[in-house]
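Next come the chains, spelled out residue by residue.
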Amino acid sequence: MRLPPRIPSRGYLQTARFFATSVPTPRIPQTIIEKVVQKYSVNLPDGKVVKAGDYVMIRPEHVMTHDNTGPVISKFKSIGAKKIVDPRQTVFTLDHDVQNKSPKNLAKYANIEAFARTHGIDFYPAGRGIGHQVLVEEGYAFPHTLTVASDSHSNMYGGVACVGTPIVRTDAAALWATGKTWWQVPRMVKVEFRGKLAPGVTGKDVIVALCGSFNNDEVLNAAIEFTGEGVPALSVDDRLTISNMTTEWGALVGVFPVDDTLLGWYETALAKLEQRTFASKSIPPPPEHPRINRRRLDALRATNLASDLGVQYSSHLIFDLSTLVPHVSGPNSVKVSTPLPKLESQQIAIQKAYLVSCTNSRVSDIAAAASVVEGKKIAEGVEFYVAAASSVVQAEAEKLGHWNKLIAAGAKVLPAGCGPCIGLGTGLLEEGETGISATNRNYKGRMGHPKAQAYLASPAVVAASAVKGFICSPSSLDATSLPPADTLTFSIASGSSAAAEVPQAEEPLFLGFPAAFSGRLLFAPQDNLSTDALYPGKYTYQDDITLERQAQVVMENYDPSFAGNVATILPSLSASDGSTKSGVVLVSGYNFGTGSSREQAATALKAAGVPLVIAGSFGDYIQAQCHSITVSSALNVLSSSLTSLRRTLKAAHVVQVDVMASFTVDKGHEIRVSMTDGSVTLRGSDGEKNYKVRTVGASVQELWVCGGLEGFILKSIQHS
């Protein structure tokens, strides 16, 4: 049950945006996350205390790219850079399309490896594992450091108390060239865990239930600090799973504390690393690992960080672990989660099951699945795919006997990598099929055909479903040890308050930025429209895809007719002039562009002829993409108090709007949006109406004029 008080209105989601300025003493209280960001911020004014909402220049400990390294190399070269400013900062891991043995993909991988060798960059080839898992295993993601990656699931590093956050490809190129990039510190949200999990309930159940319980953007674009009496009993593997899927929950960061559980995990990891090399008293000891070593662990114990007393959070969410039963997410939405006991009674048949991805393919996950299938066979008509999170994980699972139990039951083994989770390689969902997966995303079309159904669950539930042929619990789950399925308790603490709204003033225009955008309005009514919907994953790693082709496939997973409709509309619009940018203006719901950090979601829209998107709120990745893309693809995004505008558009739509439907509404409305004061004029058959949206500041306008961060960096290099 959800306890009062309920969350404030959506208005509180807009963190006040401002640049860092000097502050007087005494010191302002900070969260752990703010303290870590402070440590990695450069060129701060004297006495500056980093707080949520600040724009800061950061120099992260590490920056990781994976299969998208190829396009980053192209961007790096295009901005005039000649060398990697700090090779020790940079890490390459090939993990997404590892099943693809085509000459083209192998050549791409070879070129990435050659670039790494030329510049002295740490390189992990295809087969070593998923980049996020590798970064944790090899200590690139380490407690109280800041590590970024050109992938949306870098939140996972928070499971080991590292502030991990995603960047887009152009940010990565800027980091290679300069070692630093701009970042806005997200608003801070405290998530307090109370009680302990019942036997058989896992970290996956926790995050699936959180996504379904707090499903009104409560953590959208936030940095989450996990606290409370329930944290110590959560294993590090559970923490990694929870932090990993804070991405789907809408957050940019999800950090657990350094405690005895984590320190014990590192002691075990250190012992395993020391066993990699023979050692005896008669020869010198092996060299210490460069990142996970005794010296660094001792320093961590001696200088552990904690949030200051009196620190302010934008919200404080409370979740009682002791009231949780296993949960299943879906179908086709992480915002929908159902207690397994309720879903099991429906006996939903499946055709495919997956134990893959960086979310739930570690040794403990494989062991849980193996214990379920031991002595059994996968059901007839079901394909069960398994892939370890890394080669290290697979080797340990093989040594412990778990891997062979899965194979004996009939599981189909895939190489350590992303594979079906990103919709690449063998075993994708076909039209009309239903699958259950231990991965992190079940967006429509993500793991295969848009007309397939995808559910998410824990490894044990996935394995049990594969054996029985329908979604069900493992026989080992003792129902008498679980709380009642309808007693889940969660709430928002009293005192949680909105960040203060900054009054909207007239915005001066940066030279070259349009005074207005205008054109035909298209309405996509769905909230949580993901980057998978905007730009299907199957095109993401086609590095040579043209802008023209991107324009043809844009929105394919949401509305296959979208690109054609836009192409039909464009010839009828007035041409752009010096003060007004013309095109199709897309209006959508809340959390637009959630999901993967693929910048093609923005470039494809712009290439299709959409220069402006207005939405109630945006996934931070899409905002970064729209402000960081190339000069031919600069796209502007505006946040809006959208209720009245959406009400008007829904009223004009003669069919009842279904939030799960896939369509774009075109009723012939014309729209004009002023960039100076945010005024919106909507003209239709029923006359003219006026609204207000939030404008964008001078820093974002300059990025737009420069063609995004890539052009901005090029300009900076030329000036220097």
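Residues numbered from 1 in each chain as written. Predicted model: local features only at pLDDT ≥ 70, side-chain atom pairs only at ≥ 80, totals over all residues. Heavy atoms only, no water.

1. As for the overall build of the chain
Note the threshold: Here a helix means four or more residues in a row that DSSP labels H or I, a strand means two or more in a row labelled E, and each is numbered from the N terminus. Note on exposure labels: buried denotes an accessible area under 20% of the residue type's maximum, exposed denotes more than 50%, and partly exposed covers the range between, all computed with a 1.4 Å probe on protein chains only. Any two residues whose heavy atoms approach within 4.5 Å are treated as being in contact. Under the convention used here, a 1.4 Å probe and the Shrake-Rupley method define accessible areas, while residue burial counts only the protein chains that appear.
For the chain, the count of helices and strands is 23 helices and 30 strands. Looking at the chain as a whole, 62% of its 720 residues qualify as buried. Taking contacts inside the chain between residues at least 6 apart in sequence as the whole, the part at least 24 apart equals 78%. Looking at the chain as shown, the accessible area adds up to about 26700 Å², and 55% of this sits on carbon and sulfur atoms.

2. A word on empty space enclosed by the protein
Quick note on the threshold: Detection works on a 1 Å grid of protein atoms alone, calling trapped sets that fit a 1.4 Å probe cavities and calling open sets with protein on both sides within 12 Å along at least five of seven lines pockets, with lining residues defined by an atom within 4 Å of a point. Grid points are joined across faces, edges and corners, and a volume is the space filled by probe spheres set on the points. When residues are sorted by character, Ala, Val, Leu, Ile, Met, Phe, Trp, Tyr, Cys and Pro go into the nonpolar class, Asp, Glu, Lys and Arg into the charged class, and all the rest, Gly among them, into the polar class.
Evaluated as defined, the whole model comprises four cavities of 30 Å³ or more. When its volume is computed, the largest cavity comes out at roughly 230 Å³. As for the largest cavity, its lining consists of 23 residues, and the residues nearest its centre are His 96, Asp 151, Ile 422, Arg 446 and Tyr 541. Per-class residue counts for the lining of the largest cavity are six nonpolar, twelve polar and five charged.

3. Observations regarding the pattern of salt bridges
When their charged atoms lie close together, side chains carrying opposite charge are able to pair. To be explicit about the condition: A pairing counts as a salt bridge when a side-chain nitrogen of Lys or Arg comes within 4 Å of a carboxyl oxygen of Asp or Glu.
Enumeration according to the criterion identifies 27 salt bridges in this entry. Its salt-bridge partner being Asp 259, residue Arg 239 comes within 2.8 Å of it at the nearest N-O pair. Residue Arg 239 is located in helix H7 (residues 236-244), and its partner Asp 259 is located in the loop between strand S13 (253-255) and helix H9 (260-274); the two are separated by 20 residues in the primary sequence. Residue classification places Arg 239 among the buried residues on the basis of a relative accessible area of 0%. In the salt-bridge network here, residues are joined through shared partners; they are Glu 267, Arg 294, Asp 298 and Arg 301.

4. Side note on helix H13 (residues 391-400)
The condition is simple: As used here, the arc is the angular range of directions from the helix axis to the C-beta atoms. Identification of polar contacts relies on pairs of N or O atoms within 3.5 Å, with a donor-acceptor requirement for protein atoms, meaning one able to donate a hydrogen and the other able to accept it, and with residues adjacent in sequence counted only if both atoms are side-chain atoms.
Taken residue by residue, H13 has Val 393, Gln 394 and Ala 397 as its buried positions. Buried residues of H13, seen end-on, are gathered within an arc of 95 degrees and therefore sit on one face of the element. Considering only its buried residues, H13 is in contact with helix H4 (131-137), helix H12 (363-373) and helix H14 (402-409). Backbone nitrogen of Val 392 and a side-chain oxygen of the N-cap are separated by 3.3 Å at the start of H13; the cap is Ser 390. In the stretch just after H13, Gly 401 is the one whose phi turns positive, near 90 degrees.

5. Considerations on the sheet that holds strand S8 (residues 146-149)
Short version of the rule: Two strands are said to pair when DSSP picks up at least two bridges between them. Under this scheme, a helix contributes an axis fitted over its contacting stretch, all axes are lines through C-alpha atoms, and angles between N-to-C directions fall in the 0 to 180 degree range.
If you walk across this open sheet you meet the five strands as S7-S6-S5-S8-S9, and the pairing is parallel. Here the strands that pair on one side only, and so sit at the sheet edges, are strand S7 (122-124) and strand S9 (163-166). Each strand of the sheet is rotated relative to its neighbour by a mean of 20 degrees, with strand direction disregarded. With four bridges joining them, S8 and S9 adopt parallel strand pairing. Within the sheet, the bridge partner assigned to Leu 146 lies in S9 and is Val 163.

6. Some details on helix H6 (residues 203-213)
Within H6, eleven of the eleven residues are buried, which leaves the element mostly enclosed by the surrounding structure. Within H6 the residues assigned to the buried category are Gly 203, Lys 204, Asp 205, Val 206, Ile 207, Val 208, Ala 209, Leu 210, Cys 211, Gly 212 and Ser 213.

7. Describing unusual backbone geometry
The step from Gly 330 to Pro 331 runs through a cis peptide bond, and the omega angle for that step is 10 degrees. Structurally, Pro 331 is set in the loop between strand S15 (327-329) and strand S16 (337-339). Positive phi outside glycine occurs at Asn 332, with the angle close to 60 degrees. Tracing the sequence through the fold places Asn 332 in the loop between S15 and S16.

8. A closer look at the environment of Ser 465
By secondary structure assignment, the location of Ser 465 is in helix H15 (residues 459-468). Among residues more than four places away in sequence, those in contact with Ser 465 are Ile 350, Ile 436, Phe 470, Ile 471 and Cys 472. Polar contacts involving the side chain of Ser 465 include one to the main-chain amide nitrogen of Cys 472, which spans 3.1 Å.

9. Focus on the packing of H7 against H9
A packed helix pair is summarised by two numbers, namely the angle formed by the two axes and the spacing between the axes. Heads up, the condition is: Every angle not falling under 35 degrees, over 145, or within 65 to 115 is termed oblique; those three ranges are roughly parallel, roughly antiparallel and roughly perpendicular.
Relative orientation of the contacting elements H7 and H9 amounts to 110 degrees, with a least axis distance of 10 Å. In terms of their interaxial angle, H7 and H9 are classed as roughly perpendicular. Where H7 approaches H9, its residues Val 236, Asp 237 and Arg 239 are matched on the opposing element by Thr 261, Leu 262 and Trp 265. When the residues that make up the contact of H7 with H9 are grouped by side-chain class, the tally is three nonpolar, one polar and two charged.

10. Section: the side chain of His 402
Residue position: His 402 is located in helix H14. Excluding anything up to four places from it in sequence, His 402 contacts Ile 366, Ala 367, Ala 370 and Ala 397.

11. Let's talk about the nonpolar core
Quick reminder of the rule: Each nonpolar core is a collection of buried residues, namely Ala, Val, Leu, Ile, Met, Phe, Trp, Tyr and Cys, held together in the definition by side-chain atoms within 4.5 Å.
In terms of nonpolar packing, the biggest core is built from 39 residues, with Leu 355, Ile 366, Phe 384, Leu 406, Ile 436 and Ile 471 touching the most fellow members. Ile 366 has contacts with Leu 355, Ser 361, Ala 388, Val 393, Ala 397, His 402, Trp 403 and Leu 406, leaving out every residue within four places of it along the chain. If you look at the next biggest cluster of nonpolar residues, it comprises 35 residues, including Ile 242, Trp 249, Leu 477 and Leu 488.

12. Here we look at the packing of aromatic side chains
What characterises a pair of aromatic rings is the spacing of the ring centres plus the angle enclosed by the ring planes. Selection criterion: Note on ring pairs: Phe, Tyr and Trp rings are taken, using the six-membered ring of Trp, and paired if centres are within 6.5 Å. Classes follow the plane angle, with under 30 degrees stacked, over 60 edge-to-face and the rest tilted.
Taken as a whole and judged by the stated rule, the model has 17 aromatic pairs. Summarising the aromatic geometry, the rings of Phe 76 and Phe 115 are spaced 6.1 Å apart at their centres and angled 85 degrees between planes, so their arrangement reads as edge-to-face. One end of the pair, Phe 76, is in helix H2 (residues 69-78); the other, Phe 115, is in helix H3 (residues 103-119), and 39 residues separate them in sequence. The residues Phe 76 and Phe 115 share a single accessibility class, namely buried.

13. Section: the pairing of strand S12 (residues 222-227)
For the record, the criterion: With the strands aimed away from the viewer, a crossover counts as right-handed if its path from the first strand over the helix to the second runs clockwise.
Most of S12 sits out of view: six of its six residues are buried. Inspection of the sheet shows strand S11 (residues 187-194) paired to S12 by six bridges, in the parallel sense. Bridged to Val 189 within S12 is Ile 224. Between S11 and its parallel partner S12, the chain crosses via H6, and the hand of that crossover is right-handed. Sheet analysis places S12 next to S13, joined by three bridges and oriented parallel. Along S13, the bridge assignment pairs Glu 225 with Val 255.

14. A closer look at the confidence of the model for the chain
Do not read the fine detail of predicted coordinates wherever pLDDT is low. Rule in force here: Think of pLDDT as the predictor's per-residue confidence, scored from 0 to 100.
Overall, the prediction assigns the chain a mean pLDDT of 87, with 86% of residues at 70 or greater. Considering only residues more than four positions removed or in separate chains, one finds that residues 4-25, a stretch of pLDDT under 50, has 61 contacts. Here residues 654-662 is modelled with pLDDT under 50, and outside its nearest four sequence neighbours on either side it reaches eleven contacts, counting other chains as well.

15. So, the packing of H12 against H15
The criterion, for reference: In this scheme the handedness of a crossing depends on how the near helix is turned from the far one: anticlockwise by less than a right angle means left-handed, clockwise means right-handed.
Packing of H12 against H15 brings their axes to within 8 Å, and their N-to-C directions diverge by 30 degrees. Compared by their axis directions, H12 and H15 come out roughly parallel. Every pair of crossing elements has a handedness; the one defined by H12 and H15 is right-handed. Counted together, Asp 365, Ala 369, Val 372 and Val 373 of H12 and Pro 459, Ala 460, Ala 463, Ala 464 and Val 467 of H15 form the full contact between these two elements.

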